[in-house]
Amino acid sequence: MKLHRYYPGLMAAVLLVCLMALAAGPAGAAKADDDGKPLKTGVTITGIVEDDYADGLLVTTEDGTSYMVLTPEEVSLEQEETFHKKFKGQSVTLTGNVFRDEDGSLSLFVMSLPAK
């Protein structure tokens, strides 16, 4: 059987793509590293709730650091939207665990959102 002249190169490329996919593994949105540990725990930040809610709840600190605020399933989307409407453009203080995603963006995972 005669192999096409591009066959070895094609097979090497397919093998490389497969190896890269295996090495990448599943990527989590709010992981600090491969085992999902936070960068810091129990962090308290104070920042302004961003007006734009299209990408989710964002808080920006005085030094310009932005955090995507993540909540557990117990906090409904309606509760999060109500919090945003009430506090957008205002300063809030939140406490949670800080994560960094694969793009370098920071997230703050909080157990609840303050009512005041």
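Our structure is the block above this text.
What counts and how
Residues numbered from 1 in each chain as written. Predicted model: local features only at pLDDT ≥ 70, side-chain atom pairs only at ≥ 80, totals over all residues. Heavy atoms only, no water. Helix = DSSP H or I, 4+ residues; strand = E, 2+ residues; numbered from the N terminus. Buried < 20%, exposed > 50% of the residue type's maximum accessible area, 1.4 Å probe, protein only. Contact = heavy atoms within 4.5 Å. Pairing = 2+ DSSP bridges. Axes fitted to C-alpha atoms, helices over the stretch in contact; angles between N-to-C directions. Arc of directions from axis to C-beta. Polar contact = N/O pair within 3.5 Å; in protein donor to acceptor, adjacent residues only side chain to side chain.

J.: So what's going on with the overall build of the protein? Which residues, and what values?
T.: In terms of helices and strands, the protein carries two helices and five strands. Traced from its N-terminal end to its C-terminal end, the protein shows the element sequence α-β-β-β-α-β-β. Per-residue burial over the protein gives 25% buried out of 116 residues. A fraction of 66% describes how many contacts in the protein between residues 6 or more apart in sequence connect residues 24 or more apart.

J.: Any chance you could break down the pairing of strand β4 (residues 91-100) for me, citing the residues and the numbers?
T.: Along a regular strand, successive side chains alternate from one face of the sheet to the other. In terms of strand pairing, strand β1 (residues 40-49) meets β4 through seven bridges, oriented antiparallel. Looking at the pairing, K40 lines up with V98 of β4. One ladder, built from four bridges, connects β4 with strand β5 (residues 106-109); its direction is antiparallel. Opposite F99, over in β5, you have S107 as the bridge partner. A loop of five residues connects β4 with β5, the two strands running antiparallel in sequence, and G104 in this loop sits at a positive phi of about 95°.

J.: Give a description of the sheet that holds β5 that names residues and reports values.
T.: The strand order β1-β2-β3-β5-β4 describes a closed barrel built from five strands, whose pairing is mixed. Along the sheet, successive strands turn relative to each other by an average axial angle of 55°, direction set aside.

J.: Describe helix α2 (residues 77-87), listing the residues and the values that go with them.
T.: Among all positions in α2, only E80, F83, H84 and F87 are buried. All buried residues of α2 lie within an arc of 100° about the axis, which places them on one face of the element. In this structure, α2 carries E78, T82 and K85 as exposed residues pointing more than 90 degrees from its buried face. Taken together, the buried residues of α2 touch β1 and β4. Backbone geometry just after α2 places G89 at a positive phi near 80°.

J.: Give me the environment of V98: which residues, what numbers.
T.: Turning to its location among the elements, V98 is positioned in strand β4. Sequence-distant contacts of V98, that is, excluding residues within four places in its chain, are made with P38, L39, K40, V43, Y67, L106, S107 and L108.

J.: Any details on the side chain of T71? Residues and values, ideally.
T.: Secondary-structure assignment places T71 in the loop between β3 (66-70) and α2. Engagement of the side chain of T71 in a polar contact is seen with the side chain of E80, the distance being 3.4 Å. Once residues within four sequence positions are removed from consideration, T71 is found in contact with E80, F109, V110 and L113.

J.: For the pairing of β3, give the residues involved together with the corresponding values.
T.: The side-chain alternation of β3 yields one buried face, formed by Y67 and V69, and one unburied face, formed by S66, M68 and L70. Where strand β2 (residues 58-61) and β3 come together, three bridges link them in antiparallel fashion. By the bridge assignment for β3, T60 is matched with S66. If you look at the hairpin formed by β2 and β3, you'll find four residues sitting between the two strands, and G64 has a positive phi there, around 90°. When β3 meets β5, the two strands line up parallel, connected through four bridges. Within β5, the residue paired with L70 across the bridge is F109.

Purely geometric numbers; function is a separate question.
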